[in-house]
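# Observations on the model geometry
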Amino acid sequence: MRPVEPTEITAGRLHLRPWRIYDTEAVYKACQDPEIPRWTQIPTPYERRHAEDFITRQTPAAWADGTGAYFAVVDATTEVLLASVALMEITPAGDAEIGYWCAVAARGQGVVSQAVTAVTRWGFGAQGLARIEWRAAVGNLASLRVARKTGFTLEGIQRAALVVGGGQRVDCWAGSRLPTDPPPPPD
């Protein structure tokens, strides 16, 4: 795998950039919301050391080894952390999986949809990806809304295929986007 050059993307009111050490406290605080570990694979309970490891080791390693591109989604003016969006499990064949979470204060404002649209466009264009997969625990209606709004095609349910916070194995919805799919409708 070739390294992925850490990239910054400005998308209107949002700025997507690699994580920085000063984001540690904001990530730690955001991940105290019980909805994030309920639907994602973050450790439970989420401790400060998990945020530090995510920012100082995991995300730089993924950029460096070409297996991931992890973005802090911040307000373009204030730099307040709003969300996290990542292309993960990037393969030499051009496949990747998208993952995201949203801080409580930013929910319901279209932040994640806008960020996912920007990252998928970048993944297909700049990175030449051939397929981006989306998976979410069955019942995660917020994630399903984002996937549909950003042009992912729902492909079905994978049985016991996702492990969420605390190690629970659950069924998940699965979908994908291809570079040839029509762009998502404008907001």
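Everything that follows concerns the structure shown earlier in this document.
Bear in mind the structure is a predicted one, so any value in this text is a computation, not a measurement.

### Description of the pairing of strand β3 (residues 69–75)
Among the 7 residues of β3, 6 are classified as buried, and the element is accordingly described as predominantly covered. In the sheet, strand β2 (residues 14–17) pairs with β3 via 4 bridges, with the strands oriented antiparallel. For Arg17, the partnering residue across the bridge sits in β3 and is Ala72. Examined bridge by bridge, β3 and strand β4 (residues 81–88) share 6 bridges and lie antiparallel to one another. Bridge pairing in β4 links Phe71 to Val85.

### Overview of the pattern of salt bridges
Evaluation of the coordinates by the stated rule reveals 11 salt bridges. Asp33 is the partner of Arg107 in a salt bridge, and the nearest nitrogen-oxygen pair spans 2.4 Å. A residue pair is termed long-range when its members are at least 10 positions apart, and Arg107 in the loop between β5 (95–102) and α4 (111–125) and Asp33 in the loop between α1 (24–30) and α2 (35–39) qualify at 74 residues. Taking the relative accessible area as the measure of exposure, Arg107 reaches 34% and is therefore partly exposed.

### A short note on the nonpolar core
Judged by nonpolar contacts, the single largest core of 54 residues is most densely connected at Trp19, Val27, Leu87, Ile98, Tyr100 and Trp134. With 8 residues, the single largest contributor to this core is α4. Sequence-distant contacts of Trp134, that is, excluding residues within four places in its chain, are made with Ile98, Tyr100, Ser143, Leu144, Ala147, Phe152, Leu154, Trp173, Ala174 and Gly175. Membership of the second largest hydrophobic core comes to 6 residues, among which are Trp39, Leu162, Val164 and Val170.

Calculation rules
Residues numbered from 1 in each chain as written. Predicted model: local features only at pLDDT ≥ 70, side-chain atom pairs only at ≥ 80, totals over all residues. Heavy atoms only, no water. Buried < 20%, exposed > 50% of the residue type's maximum accessible area, 1.4 Å probe, protein only. Helix = DSSP H or I, 4+ residues; strand = E, 2+ residues; numbered from the N terminus. Pairing = 2+ DSSP bridges. Salt bridge = Lys/Arg side-chain N within 4 Å of Asp/Glu carboxyl O. Core = buried A, V, L, I, M, F, W, Y, C linked by side-chain atoms within 4.5 Å. Contact = heavy atoms within 4.5 Å.

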